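For reference, the chains in residue letters:
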Amino acid sequence: MTLKTASVLAFNRKLDISDGFFWQLDSNDEKPVASPVDIREKSVRGTISNRLKGAMASDPSKLDAKIESPNPQTVDVATLDHDKDTLRVKWSCKVLPFDGKPSVCNDQAYQTQLVSVVEEYLNDVGVSELAKRYAANIANARWLWRNRLGAEAIKLTVACTLDGKQAEAVIEDAKQLSLVDFTAQSDALNTLATWIEQGLKGQAFILLDITAEAKVGYGQEVYPSQELILETGEDKSKVLYSINSIAGMHSQKIGNAIRTIDTWYNAAEFPIAAEPYGAVTTLGTAFRQPKQKQDFYSLLDNWVLKGTKPDLEQQHYVMAVLIRGGVFGASGKE
Amino acid sequence: MSPVSHYLLLNNLEIEGANTISSPITYGFPAITGFLGAMHALNRRLADTELEFSGVLVACHECHVQRFRPHTYADYSFNQSRNPIKKDGKTASIIEEGRAHITVSLVIEISGKPRVTREIRDSAEAFTQRCREALMQQRVAGGSVHKMGEVQLFDRSEVGEIQRALLPAFVLMDARQDLISITEALQQQSPQATELDGLIEVATLHQEPDHPKALIDQWHGRSVKTGRGWLVPISIGFQGLVAPFAAGELEHSRNPEYPSRYVEALYSLGKWVFPQRLPDDFSQCFWRYSQQDNLYLTLQTCA
Amino acid sequence: MDEITAEQVSAAIHSFLSEQLDKKLEPEQKALDKCKAEDDEKRVLIQEGIAALKHKYTLDVWMDDAATRMASQLKFGTHISKGIHPDSKGDNVNFGNASPLPKGVVGSQTLAKLSLDANGNAAALPLAAFFDAWVSEADNIKVVDVIEAGSPALAEAFGSDGEQAQQYVARFKQVLANSADQPTTHERNKQILWPLNDSIKGDQYIALVPLYPSAFTSDFFGRVNAVRYSEENKQARDNRKKKSVEQQSYKAVPDIAVVRLGGTKPQNISRLTSKQSGRNYLLQSLPPQIGGERTYRLNREQESLFSRHLNQYAGFGFKTLFDVVRNEKKTVEQRDTRKHGSEIILAEVLKAAAQIQRTYPAGWSQDYQLSMAEKYWLDANRGALEGEEAFLLARDTSNWQQEIIESFAHWLNASLRAKFPKRTAEFGDAEFREWKRAMEAAIGASQRAKEGVF
């Protein structure tokens, strides 16, 4: 019987990342008590920039009336207090064992073949390259996104409890690390990469506690995640994420930064997140088109079903998508 | 089944991304099946201990539903997460989901042969450490645990200690009797009222004028819940819609090795109770799997 | 079914067809009315269109199209897979004839009648509307029931040719039964593994595949709307803003959440989903919220945790307690229901304390004005710092817990007296002791639990 892809196939994510929460403190205070960064509302004068509908579009006098009396709009904004200059963001990352076993698979023959492909990769290649890249993206604070831009310096601490002992890896200034290449070396980076590797290999249960302190300046604006809200009503155009009045960044957004390790797509100029079609939402582009057979599904099917092993670099990519997790059976493909 | 010998307390589990849509007509706190499922998964990971986890008590400290409404009189919608764009660069359509960040404490009933329960008592620390790591690596109610407090093993005589350790929280209890009596009261006014109307009545706030000439601020709210405790509609399991399929019969089943069955969710009332006011019979506080004919229920009575 | 006559069925079919036709004719008729007298060509075109429509909705023509084309393009059911996920290609199920549910358990049987839902090609959905049309509302009989009962006498009504009519009904019955040879679910359907007896050792499970009860939820949607938007309810609500009107009570169903199935294309989910624009109501099921949305924060000047600031933080508990006290009628129940309100407040106090203990660095209390007892409580780890031996010793030897217990009870009683100045006598020693007992019980716990709040 010829092997075919299981109709039901899904993987759990192996880097299980929490939301990040925003605190603030004063770098000049010797014994600072961090306080939460809160979200507040700010009024802005609405301008007419959305696409006009129906009567509004066809009747200029109605448009004029609308422009003369714009809706008072509110947006959410988050800033540090005037006596605080440092943004502290904390989140955690569980590194779960990666052995190629799907969380759901309804075809035993396919699963056996898939697991043997992953095992071969783990034995012959290993996850050290991937672990190094994930570590680099934690360390370079890419995950702070816009907050990274305005920061003068970012001190980053990663804590991990191993064999009952608490260990730490400290990056003195994350801003000094490159966002484009993954060649940098340091003790802290190596330690971090080793932890991640141990976790993926299932040698130890790894829970990383990441804390970044970004010096952004007194009273400066900071950037939590924006909520995607389907029915905002007329008066509010931007809602920021918070829980218990503490501003936060969604785990998906942090996760996207951590898996921004794919430099192996065609004519790559910068790393993109490991995604099935190399999709980058902010650019509106998918960099791995199925036409070129460089997308996840083409590579995986060739590898598992036909036994055609891709180049080493594409092997890394395929494994990175499996580590990301998702639904990959019949309905995953577009 | 051996009698319960110990209770395992999993204190202050902080769960991110739990499924807040607990059934086709309820949302908020995740469905009980999510916690029973987590208990059962944990039991499977510890299968070598030969212990049996038979029921779970669910106490909620915090529940933050990811939702928004533009003003107090509007309905809520759930905050969505952006899916990756499609390969043609277009945005993928949104399939609505509802998520909550919750902090819960769970207590698990443990039983087993005298030899094995003695073993865990003597090596309680190793046992609780193992439970902690296993739990961190599995999903609970659709979300994942990112932090947890103490994991403690209690002897079955230490109920008072457990109840106090649950503070501050509220424990979810079955309130099916309240649904029956609320519906009966409704039926006195309108005989065709059903238990579904009873569920809606629990969610209804009656705005009543203090007197017929009441001014706008001379009104009060009345709810059928007053005096009955903190009642909420909940999902309590499933019923089969058609006869079960034999193993392998249903195409694209996730688990072709087991029989399968099309089902629908069933609903009733639950009540949030302060730990110090739980019934004297502690065993009544635990939710358990129950299957009888075409009913697959989560119940607090012993099957 | 016995009480139904062929004439009733015939009338139901006829009125369904004329309704459908009227809907289609309306735009044509408007176009015809607008048509200018001299525009003969256009008028003829419209009139031809009208004639074609009238032909299409004659009994035999429509029924033939329904039985051949439409019937093959739809999947029927009361429970649908696409309600679980729009991409699902799994089965629908037409639920009926089930045994009653236990008392206090709500499901599809709770409703006297389930509507029939369908999905597939949207152009074929009128067939589903036909099946769902009433034959006799008084007898609770729809067209679908007539088809399923399969009485030959009633089937005659489905066509002018008797034999042909029987065939249509047989065909309809077949599609309604949903009896695909191969039952099929889909990757996007959810599945729950339900442990049976001896699940772990004996590997005994059943995979439950929940389907979306669209017939049930559309009924539920209608019921909630009937409560909210009935004419009398709207009237009473609007009257509240008016003066010199006899006021009537009205109902609100607050805190509902809306999920839209199918996003902008609810017709892809099903006929019933489309009828409510994909909108579905969910009732809220949350525990009492402990503590406000805000994190509790101490300021350096405050002399006790039990300050007005804490009243605000525990606002929800106080609102609950005040409501209880305000509505108290019988003194027998009084103590019990008051307890319920005070418990929420106690929970809120413990939560505020835990927040401080967990997020403030050890030793923070050095430059705060709190009483020593509260510092021992809230800055428990300060004693471990260098130079804080005195703090440690005093914490271990003094009976600071008693002071916390009394502060709590005092604060709660004072809050009640301030709220109900005419009833201060009710909040005296007995209540004081009651609040103390509650706090004492809470303290007993954390002396054992390592991470407890004391």
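Conventions we followed
Residues numbered from 1 in each chain as written. Chains lettered and ligands numbered in written order. Predicted model: local features only at pLDDT ≥ 70, side-chain atom pairs only at ≥ 80, totals over all residues. Helix = DSSP H or I, 4+ residues; strand = E, 2+ residues; numbered from the N terminus. Rg over C-alpha atoms; globule rule 2.2 N^0.38 Å. Buried ≥ 20, exposed ≤ 12 C-beta atoms within 10 Å, placed from the backbone. Contact = placed C-beta atoms within 7 Å. Pairing = 2+ DSSP bridges. Expected span 1.5 Å × (residues − 1). Arc of directions from axis to C-beta. Nonpolar A, V, L, I, M, F, W, Y, C, P; charged D, E, K, R; others polar. Axes fitted to C-alpha atoms, helices over the stretch in contact; angles between N-to-C directions. Parallel < 35°, antiparallel > 145°, perpendicular 65-115°, else oblique. Domains from an automatic or database assignment. Left-handed = near helix turned anticlockwise from the far one by under 90°. pLDDT = per-residue confidence, 0-100.

Student: Quick question: what am I supposed to make of the overall build of chain C here?
Tutor: Across its full length, chain C carries 18 helices and nine strands. Here the C-alpha atoms of chain C give a radius of gyration of 34 Å, more than 25% beyond the 22 Å that 2.2 N^0.38 yields for 454 residues. Evaluated residue by residue, chain C yields a buried proportion of 37% over its 454 residues. Within chain C, counting contacts between residues at least 6 apart in sequence, those at least 24 apart form 62% of the total.

Student: What should I look at first to understand the pairing of strand 3 (residues 20-25) of chain A in this one?
Tutor: Strand residues, when the strand is regular, have side chains that alternate between the two faces of the sheet. Residues and elements named next belong to chain A. With five of six residues buried, strand 3 is to be regarded as a mostly interior element. Sheet analysis places strand 3 next to strand 7 (residues 86-95), joined by five bridges and oriented antiparallel. The residue bridging Trp23 from the neighbouring strand is Arg88, located in strand 7.

Student: How should helix 13 (residues 315-327) of chain C be read in this particular structure?
Tutor: Helical geometry: 3.6 residues make up each α-helical turn, so side chains three or four residues apart lie on a common side. Residues and elements named next belong to chain C. Compared with an ideal rise of 1.5 Å per residue, which puts 13 residues at 18 Å, helix 13 spans 18 Å between its outermost C-alpha atoms and is within 8% of the ideal. Where helix 13 is concerned, the buried positions are Gly317, Phe318, Thr320, Leu321 and Val324. Buried residues in helix 13, looked at end-on, bunch into an arc of 160 degrees, giving them a common side. Away from the buried face of helix 13 by more than 90 degrees, exposed residues Lys319, Arg326 and Asn327 are located.

Student: Could you clarify how one ought to interpret the interface of chain B and chain C in this entry?
Tutor: Many analyses report the size of an interface as the accessible area lost when the parts associate. Contacts between the two partners involve 95 residues from chain B and, on the opposite side, 79 residues from chain C. Here the side of chain B that touches chain C takes 10 residues from strand 14 (residues 260-273) of chain B, the largest share from any one element. Across the side of chain B that touches chain C, the residue classes tally to 50 nonpolar, 27 polar and 18 charged. Across three bridges, the pairing between strand 11 (residues 205-209) of chain B and strand 7 (residues 250-252) of chain C is antiparallel. Across the sheet, residue Gln207 of chain B finds its bridge partner in strand 7 of chain C, namely Tyr250 of chain C.

Student: Explain the packing of helix 1 (residues 6-34) of chain C against helix 2 (residues 40-56) of chain C to me, please; I cannot follow it from the model alone.
Tutor: In a packed pair of helices, the relevant descriptors are the angle between the two axes and the axis-to-axis distance. Residues and elements named next belong to chain C. Direction vectors running N to C along helix 1 and helix 2 enclose 170 degrees, while the axes themselves pass 10 Å from each other. Between helix 1 and helix 2, the interaxial angle falls into the category roughly antiparallel. Touching Leu21, Lys24, Leu25, Glu28, Ala31 and Leu32 of helix 1 are Arg43, Ile46, Gly49, Ile50, Leu53 and Lys54, all from helix 2. Class assignment for the residues of the contact of helix 1 with helix 2 results in seven nonpolar, one polar and four charged.

Student: Whenever I open this one, the interface of chain A and chain B confuses me. Can you help?
Tutor: Across the boundary between the two partners, chain A contributes 36 residues, which contact 26 residues of chain B. Every element with two or more residues in the side of chain A that touches chain B is listed here: strand 7, helix 7 (251-258) and strand 19 (285-286) of chain A. Classifying every residue of the side of chain A that touches chain B gives 14 nonpolar, 13 polar and nine charged.

Student: Explanation requested: helix 1 of chain C in the structure shown.
Tutor: The terminal C-alpha atoms of helix 1 of chain C lie 42 Å apart, and with 29 residues this matches the ideal 42 Å at 1.5 Å per residue to within 8%. Listed as buried for helix 1 of chain C are Val9, Ala12, Ile13, Phe16 and Leu17 of chain C.

Student: Is there a simple way to explain the sheet that holds strand 7 of chain C in this structure?
Tutor: One key point about sheets: their strands pair by backbone hydrogen bonds, in either a parallel or an antiparallel sense. Read from one edge to the other, the open sheet built from three strands follows the order 12(B)-11(B)-7(C), with strand pairing classed as antiparallel. Edge positions in the sheet fall to strand 12 (219-222) of chain B together with strand 7 of chain C, since each of these pairs with one other strand and no more. Averaged over all pairs of adjacent strands, the angle between their axes in this sheet comes to 30 degrees, without regard to strand direction. Bridge analysis of strand 11 of chain B against strand 12 of chain B gives four bridges, and the strand direction is antiparallel. Paired with Gln207 of chain B across the two strands is Gly221 of chain B, which belongs to strand 12 of chain B.

Student: Any chance you could explain the domain arrangement of chain A here in plain terms?
Tutor: Residue and element names in this part refer to chain A. Splitting chain A by domain gives domain 1 (12-45 + 72-107 + 127-258) and domain 2 (262-334). Using C-alpha coordinates to define each centre, domain 1 is positioned 25 Å away from domain 2. If you look at the interface, domain 1 gives nine residues, while domain 2 gives nine residues. Tallied by class, residues from the side of domain 1 that touches domain 2 come to four nonpolar, two polar and three charged.

Student: So what exactly am I meant to see when it comes to the environment of Asp155 of chain B here?
Tutor: Relative to the helices and strands, Asp155 of chain B resides in strand 9 (residues 151-155). Separated by 150 residues in the primary sequence, Asp155 of chain B and Ser5 of chain B have C-alpha atoms spaced 6.5 Å apart.

Student: It is not clear to me how the packing of helix 6 (residues 195-203) of chain B against helix 9 (residues 214-229) of chain C should be interpreted in this structure. Could you clarify?
Tutor: In the contact formed by helix 6 of chain B and helix 9 of chain C, the axes pass within 11 Å of each other and the chain directions differ by 50 degrees. By the angle class used here, helix 6 of chain B and helix 9 of chain C are oblique. Of the two possible hands of crossing, helix 6 of chain B and helix 9 of chain C adopt the one that is right-handed. From helix 6 of chain B, Leu196, Asp197 and Ile200 of chain B reach across to helix 9 of chain C, where they touch Phe220, Arg223, Val224 and Val227 of chain C. Looking at side-chain class alone, the contact of helix 6 of chain B with helix 9 of chain C contains five nonpolar, no polar and two charged residues.

Student: Explain the confidence of the model for chain C here, please?
Tutor: Any region with low pLDDT has predicted coordinates that should not be read closely. Residue and element names in this part refer to chain C. Scored by pLDDT, chain C has a mean of 88; 94% of the residues are at 70 or more. Predicted confidence is poor over residues 445-452, with pLDDT under 50, and the contacts of this stretch with residues over four places away or in other chains come to 16 contacts. Reported for the predicted complex are a pTM of 0.90 and an ipTM of 0.96.

Student: In this structure, what is going on with unusual backbone geometry? I would like to understand it.
Tutor: The residue after Leu167 of chain B, namely Pro168 of chain B, is reached through a cis peptide bond having omega -15 degrees. The residue Pro168 of chain B is located in the loop between helix 4 (159-165) and strand 10 (170-174) in this model. Non-glycine residue Trp145 of chain A carries a positive phi angle of around 50 degrees. With respect to the helices and strands, the residue Trp145 of chain A is situated in the loop between helix 4 (128-139) and helix 5 (146-149).

Student: I keep staring at the environment of Lys306 of chain A and nothing clicks. Help me out?
Tutor: Along the chain, Lys306 of chain A falls in the loop between helix 8 (296-304) and helix 9 (312-324). Distance from Lys306 of chain A to Ser331 of chain A, taken between C-alpha atoms, is 21 Å for residues 25 residues apart in sequence.

Student: Any chance you could explain the sheet that holds strand 2 (residues 26-28) of chain B here in plain terms?
Tutor: One open sheet accounts for three strands, arranged 2(B)-9(C)-8(C); its pairing is mixed. Only two strands of the sheet have a single neighbouring strand rather than two, namely strand 2 of chain B together with strand 8 (257-260) of chain C. Ignoring which end each strand starts from, the neighbouring axes of this sheet average 45 degrees apart. Pairing between strand 8 of chain C and strand 9 (residues 279-285) of chain C: four bridges, direction antiparallel. In the strand pairing of strand 9 of chain C, Arg260 of chain C is matched with Arg279 of chain C.

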